[in-house]
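Below, each chain spelled out in residue letters.
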Amino acid sequence: MSQSYNRGLIEDFGRWREFSAGMWAWVFHKFTGWVLVGYLFTHIAVLSTALQSPDAYTTTIQSLESLLVVRILEVGLLSVAVFHILNGLRLLFVDLGVGLEAQDKSFYASLLLTGAIAVASVPTFLAGVFG
Amino acid sequence: MSTQLPDQTEDESSAGEAEPTSAAQERRMAKKRERAAERDEKRQAEEAEAALADEETYHLKVFRYDPEIEGKKEPRFDDFHVPYHKGMTVLDALMYARDTYDSSLTFRHSCRQAVCGSDAMFVNGRQRLCCKTQLSDLEEPVRIEPLPHAEVVKDLVVDMEHFYDQMEAVEPYFQTNDLPDGELEEQRQSRENREKVKMSTRCIWCGACMSSCNIAAGDNEYLGPAAINKAYRFTMDEREGEDMKQQRLEILEQEHGVWRCQTQFSCTEVCPKDIPLTEHIQELKREAVKNNLKFW
Ligand code: HEM
Ligand code: SF4
Ligand code: FES
């Protein structure tokens, strides 16, 4: 056959709707992992203001924490970390070959628990920001 | 599984083979051909009418592409309305559409009983073996496409060469230098060992797993689930002996071997033979680790 039809990247990406549990778990795990790496840098940047003086650190933290965006981002960070840890444990079990039949259920459980913890954390993270 | 006989229509136009010797003979053959064509036309019209009159029809949306014909080079979807019988599979429906509406509709099939592995396609967003998929399990319209992540040759036919190359790469045949003493001695396998490799022997080389795998799509050199499963079948076969096992693990440990697997489970979900592919790949990963980390 002289010619064939290469469906190309666009059609490949169009297939995200056909993803199943394990594929989503993989996408989310990579995403959350790299968000955590990204956070590590901002974390170090903020912490290192303490090298200038204790006051500089205090004012930086106080000004950051007075912003609503930062409070919301913190809820996001917690969710990302919780999902990464829960799914990370799931992946460790998968690597050990334990409970492979429940791999989809354990993914949904990770999602649900992450959601519950994120919701439960909202009062703590948003406390005082509107005051 | 397909249990229906395809509606076979006797092909009378064997005129091409027999040399027409006389004019009378030629006339007879021409008449015969005419009659056959007439019959064909009538049957097609009848069947199409029956299909329309029939309450129960299934709506197929079928991917079409033909690089060799002007006007068919642009990929498109064709609609077919196929009369439904109880027990009808996607393959039965495709065959009906081809035999009744459009003889140029091209797809691979042979055994119609999930043995030959030639009719894996992308049906309603999932890799399925068409002869093993009941229409009644699907929502309409039934969208039938060639396997994703492979080049389309024509309509529903994809190029399987790369898949076969990966299968061959793991040396998919029994090898051993652990021969029994007597010349006529058999190479016996224990029942337990047979049980261990049982599921992995069921592969029919349909390529559904490879097509479903995101990693294989992004890394053309990745052996893929079917090839690794094939390697599992022999690596775990005790009759091959320690030397062979070592050699097999070396193939599997390579950069594009078992470690590419990211446990997305898509292969395990689509395999029409229910082979626990991810489980086998994970077990080989652990074998590879045990093989290389020897603290004890
Ligand atoms: C208790 C905490 C954690 C657990 C249980 C955990 C678990 C895991 C596991 C099992 C993997 C491998 C996934 C696979 O098999 O493909 C992984 C990947 C990853 N983790 Fe974590 N992790 C944790 C914390 C973190 C933290 C704090 C960071 C960021 C600094 C992080 C960043 C990543 C990244 C970027 C990847 C993806 C690596 C790749 O591309 O393959 N993880 N994690
Ligand atoms: S492992 Fe299953 S899906 Fe993959 S080629 Fe073999 S039979 Fe098909
Ligand atoms: S036709 Fe042989 S497997 Fe479907």
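- As recorded in an unreviewed UniProt entry, chain B goes by the name Succinate dehydrogenase/fumarate reductase iron-sulfur subunit, listed as coming from Halobellus rarus.
- The record held by UniProt for chain B lists under Sequence similarities (unreviewed entry) the comment "Belongs to the succinate dehydrogenase/fumarate reductase iron-sulfur protein family."

- Going by the annotation in an unreviewed UniProt entry, the name recorded for chain A is Succinate dehydrogenase subunit C, with Halobellus limi given as the source organism.
- UniProt, in the comment section headed Subcellular location (unreviewed entry), describes chain A in these words: "Membrane".

1. Describing the overall build of chain A
Next, step 1: Secondary structure assignment for chain A yields five helices and zero strands.
Next, step 2: Along the chain direction, N to C, the helices and strands of chain A fall in the order α-α-α-α-α.
Next, step 3: A compact globule built from 131 residues should have a C-alpha radius of gyration of about 14 Å, whereas chain A, at 20 Å, is more than 25% larger.
Next, step 4: Dimensions of chain A, computed from the C-alpha atoms along their principal axes, are close to 70 × 40 × 30 Å.
Next, step 5: Relative to all contacts within chain A whose residues are 6 or more apart in sequence, the contacts with residues 24 or more apart total 73%.
Next, step 6: Entry remark: accessible area of chain A is about 8400 Å², with carbon and sulfur atoms responsible for 75%.

2. Some details on the nonpolar core
Residues and elements named next belong to chain B.
Next, step 1: By size, the foremost hydrophobic cluster in this structure holds 67 residues, and its most contacted members are L60, L94, L135 and I144.
Next, step 2: Residue contributions to this core peak at seven residues, all from helix α2 (residues 90-100).
Next, step 3: Here this core gathers at least three residues from each of two domains, domain 1 (57-153) and domain 2 (160-177 + 190-292).
Next, step 4: Those residues in contact with I144 that sit more than four places away from it in its chain are L60, K61, V62, F63, F77, V90, L94, M121, F122, V123 and L156.

3. Section: the interface of chain A and chain B
Next, step 1: Taken together, the 23 residues of chain A in the interface contact 30 residues of chain B.
Next, step 2: For the pair chain A and chain B, the two sides together bury roughly 2300 Å², of which 53% comes from carbon and sulfur.
Next, step 3: In this assembly, chain A and chain B are joined by one salt bridge.
Next, step 4: The partner of R15 of chain A in a salt bridge is E145 of chain B, with the nearest N and O atoms 3.7 Å apart.
Next, step 5: For the pair chain A and chain B, the interface holds 13 residue pairs in polar contact (both at pLDDT 80 or more).
Next, step 6: Elements with a contribution of two residues or more to the side of chain A that touches chain B: α2 (21-47) and α4 (68-96) of chain A.
Next, step 7: A per-element tally of the side of chain A that touches chain B places α4 of chain A first, with five residues.
Next, step 8: Per-class residue counts for the side of chain A that touches chain B are nine nonpolar, seven polar and seven charged.

4. Quick notes on the coordination of the iron atom of ligand 1
Next, step 1: Donor atoms from the protein around the iron atom of ligand 1 number only one, H84 of chain A (NE2), found at 2.0 Å.
Next, step 2: By the element assignment, H84 of chain A lies in helix α4.

5. A short note on the packing of aromatic side chains
Next, step 1: Using the criterion set out here, one finds 15 aromatic pairs over all chains in the structure.
Next, step 2: Measuring from centroid to centroid gives 5.8 Å for F63 of chain B and F77 of chain B, while their planes differ by 80°, and the two rings are edge-to-face. Taken together, the residues span a long stretch of sequence, with F63 of chain B in strand β1 (residues 57-64) and F77 of chain B in strand β2 (residues 76-83) at a distance of 14 residues.
Next, step 3: By relative accessible area, which is 5% here, F63 of chain B ends up buried.
Next, step 4: Look at F163 of chain B and Y164 of chain B: their rings are 5.9 Å apart centre to centre, the planes differ by 55°, and that puts the pair in the tilted class.
Next, step 5: Assessed through its relative accessible area of 7%, F163 of chain B is described here as buried.
Next, step 6: Here the aromatic residues W16, F19, W24, F28, F83, F107 and Y108 of chain A are joined through ring pairs into a cluster of three or more.
Next, step 7: The aromatic ring of W16 of chain A is capped on one face by R17 of chain A, whose charged end is 6.0 Å from the ring centroid.

6. Re the UniProt feature "transmembrane region" (unreviewed entry) in chain A
All names here are of chain A.
Next, step 1: Feature annotation in UniProt assigns "transmembrane region" (unreviewed entry) to the following positions: residues 23-47, 68-86 and 106-130.
Next, step 2: Helix makes up 100% of residues 68-86 and strand 0%, with an end-to-end C-alpha separation of 27 Å.
Next, step 3: When the span residues 106-130 is considered, its composition is 84% helix and 0% strand, and the gap between its end C-alpha atoms is 37 Å.

7. Thoughts on the site of ligand 1
Next, step 1: Taken together, H29, K30, G33, W34, L36, V37, H84, I85, G88, L91 and L92 of chain A together with Q262 of chain B make up the full set of residues near ligand 1.
Next, step 2: With respect to ligand 1, its neighbouring residues span chains A and B.
Next, step 3: Within the side chain of H29 of chain A, a nitrogen or oxygen atom sits 3.1 Å from a nitrogen atom of ligand 1.
Next, step 4: At a separation of 2.8 Å, a nitrogen atom of ligand 1 approaches a polar side-chain atom of H84 of chain A.
Next, step 5: Put simply, the parts of the chain that give the shell around ligand 1 at least two residues each are α2 and α4 of chain A.
Next, step 6: Broken down by element, the residue count for the shell around ligand 1 peaks at six residues, all from α2 of chain A.

Definitions and limits used
Residues numbered from 1 in each chain as written. Chains lettered and ligands numbered in written order. Predicted model: local features only at pLDDT ≥ 70, side-chain atom pairs only at ≥ 80, totals over all residues. Heavy atoms only, no water. UniProt positions renumbered as here; feature names shortened; annotations may be inferred. Helix = DSSP H or I, 4+ residues; strand = E, 2+ residues; numbered from the N terminus. Rg over C-alpha atoms; globule rule 2.2 N^0.38 Å. Contact = heavy atoms within 4.5 Å. Areas by Shrake-Rupley, 256 points an atom, 1.4 Å probe, with all protein chains shown as cover. Core = buried A, V, L, I, M, F, W, Y, C linked by side-chain atoms within 4.5 Å. Buried < 20%, exposed > 50% of the residue type's maximum accessible area, 1.4 Å probe, protein only. Domains from an automatic or database assignment. Buried area = accessible area lost by both parts, 1.4 Å probe. Salt bridge = Lys/Arg side-chain N within 4 Å of Asp/Glu carboxyl O. Polar contact = N/O pair within 3.5 Å; in protein donor to acceptor, adjacent residues only side chain to side chain. Nonpolar A, V, L, I, M, F, W, Y, C, P; charged D, E, K, R; others polar. Donors = N, O, S within 2.8 Å, 3.2 Å for Na, K, Ca; no water. Phe/Tyr/Trp six-rings, centres within 6.5 Å; stacked < 30°, edge-to-face > 60°. Lys NZ or Arg CZ within 6 Å of the ring centre and 35° of its normal. Near = heavy atom within 4 Å.

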